[in-house]
Amino acid sequence: MAEHAACQEVVELVSDYLEQSLPPGEASLFEQHVNFCDGCDWYLDQMRSTVATVGRLTEHDVPDETRERLLSAFREWRRE
Amino acid sequence: MIAYKFLRPDGTGVFTRFAWPPPDDGGPGAWVDAPADPCRTGVHACRTGDLPYWAGRVLYEIELEGDVVEHDTKVVAPRGRLVRRIGAWDDAFRATYTRWCADRAHEIARGSGLERWREVIEPSVSEGPALLGFVAARVAEEGFGVEAYHAERARQSEWLAARLGL
């Protein structure tokens, strides 16, 4: 990042930010941007909620049929 | 060390959502302890020069203790407590500052032949002081280089500190 972050950079770095793996300087620019950009603030909130929700799921929360469809899709994806 | 901290209207941290113990009956709030690790943990706060970068809804004076880590646009300490709310930082003041930043942005744009920024400035006013402060500094940067960005930020912090009596 330069002296400030653009929306695209915030979107690209949101996972690193949530995992606290950004260097302090970049994290600071990330937060400065989120502080004035309602769109990115909303996006960050959505990502936080998604991580919190998915993080609570266990294998038993996924119905058998859905698990089979996902596994099948992953196998196809690996063959491509 | 005395510094300043922006919080959400409900008294929680802008990014952490931590519920800060508020000052009560004229006395400071309870101490909060957290290891100082910039942008991860610790008590994050502003010097007066940092205020424009973090302009938010509610502003407090905060007392910091321990080894304070100084960063470009913030300080981080292992311990802090809210001392008092800066009452002058209210919606009317925010609007006045936002307007001042917008006028500065127009002035700089005119002076540097960047008239196209006019299309950005006025529609941004409703977004508040953090965005307009950034816009004014960005116009300065585009017109005169990165040093002008920092100079405009410094001008904003001087404006704020003088009018808030900090």
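Residues numbered from 1 in each chain as written. Chains lettered and ligands numbered in written order. Predicted model: local features only at pLDDT ≥ 70, side-chain atom pairs only at ≥ 80, totals over all residues.

**Overview of the overall build of chain A**
Heads up, the condition is: Secondary structure is summarised from DSSP: a helix means a run of H or I of at least four residues, a strand means a run of E of at least two, and numbering begins at the N terminus for each. Atoms counted for the radius of gyration: C-alpha only. Globule rule: 2.2 Å times residue count to the power 0.38. A residue is called partly exposed when the number of other C-beta atoms within 10 Å of its own lies between 12 and 20, exposed at 12 or fewer, and buried at 20 or more, with C-beta atoms placed from the backbone. A pair of residues counts as a contact when their C-beta atoms, built from backbone coordinates, are within 7 Å of each other.
When you go through chain A residue by residue, the secondary structure sums to four helices and zero strands. Listing every helix and strand of chain A by position from the N terminus yields α-α-α-α. Its C-alpha radius of gyration of 17 Å places chain A more than 25% over the 12 Å reference for a compact globule of 80 residues. Out of the 80 residues belonging to chain A, those deemed buried represent 21%. Put simply, of all contacts in chain A between residues at least 6 apart along the chain, 61% involve residues at least 24 apart.

**Section: the sheet that holds strand β6 (residues 75-77) of chain B**
Neighbouring strands of a sheet are bound in pairs by backbone hydrogen bonds; such pairs are parallel or else antiparallel. Residues and elements named next belong to chain B. The condition that has to hold: A pair of strands is treated as paired once DSSP finds two or more bridges between them.
If you trace the three strands from one edge of the open sheet to the other, you get β3-β6-β5, paired in antiparallel fashion. Strands with a single pairing partner mark the edges of an open sheet, and in this sheet they are β3 (43-45) and β5 (69-70). The pairing of β5 with β6 spans two bridges and is classified as antiparallel. Opposite Glu-70, over in β6, you have Val-75 as the bridge partner.

**A short note on helix α2 (residues 24-36) of chain A**
This is how it is decided: Expected span of a helix, by definition, is 1.5 Å for each gap between consecutive residues, and there is one gap fewer than residues.
Between its terminal C-alpha atoms α2(A) stretches 19 Å, which fits the 18 Å expected from 13 residues at 1.5 Å a residue. Inspection of α2(A) places Ser28(A), Leu29(A), Phe30(A), Glu31(A), Gln32(A), His33(A), Val34(A), Asn35(A) and Phe36(A) among the buried residues, and these make up the whole buried set. Buried-residue contacts for α2(A) involve α1 (7-18) and α3 (38-56) of chain A together with α1 (51-54) and α4 (129-144) of chain B.

**A closer look at the domain arrangement of chain B**
Where interface size is quoted, it is often the accessible area lost as the parts come together. All names here are of chain B. The condition is simple: For each domain, the first and last residues come from an automatic or database assignment. Note on residue classes: Ala, Val, Leu, Ile, Met, Phe, Trp, Tyr, Cys and Pro are nonpolar, Asp, Glu, Lys and Arg are charged, and everything else, Gly too, is polar.
Along its sequence, chain B is organised into domain 1 (2-85) and domain 2 (91-164). Taking only C-alpha atoms, the centre of domain 1 and the centre of domain 2 are 25 Å apart. Domain 1 puts five residues into the contact, and the matching count from domain 2 is nine residues. In the side of domain 1 that touches domain 2, the residues fall into three nonpolar, two polar and no charged.

**Comments concerning the interface of chain A and chain B**
Taken together, the contacts link 10 residues of chain A with 17 residues of chain B. If one sorts the elements of the side of chain A that touches chain B by residue count, α2(A) sits on top with seven residues. Partitioning the side of chain A that touches chain B into residue classes produces three nonpolar, four polar and three charged.

**Observations concerning unusual backbone geometry**
Phi is positive for Gln20(A), close to 55°, though the residue is something other than glycine. By the secondary structure assignment, Gln20(A) is in the loop between α1 and α2. When the 11 C-beta atoms within 10 Å are taken as the criterion, Gln20(A) is described as exposed. The backbone of Arg17(B) shows a phi angle near 65°, a positive value even though the residue is not glycine. Tracing the sequence through the fold places Arg17(B) in the loop between β1 (2-7) and β2 (32-33). By the C-beta count within 10 Å, which is 10 here, Arg17(B) ends up exposed.

**Here's the deal with the pairing of strand β7 (residues 79-85) of chain B**
All names here are of chain B. Looking at chain direction, β2 and β7 are connected through two bridges and run antiparallel. Across the sheet, residue Asp-33 finds its bridge partner in β7, namely Arg-79. Where strand β4 (residues 58-65) lies against β7, six bridges are found, and the strand directions are antiparallel. Following the sheet pairing, Glu-65 is matched in β7 by Arg-79.

**A closer look at the pairing of β4(B)**
As judged from the six bridges shared by β1(B) and β4(B), these two strands associate in the antiparallel manner. Paired with Phe6(B) across the strands is Leu59(B), a residue of β4(B).

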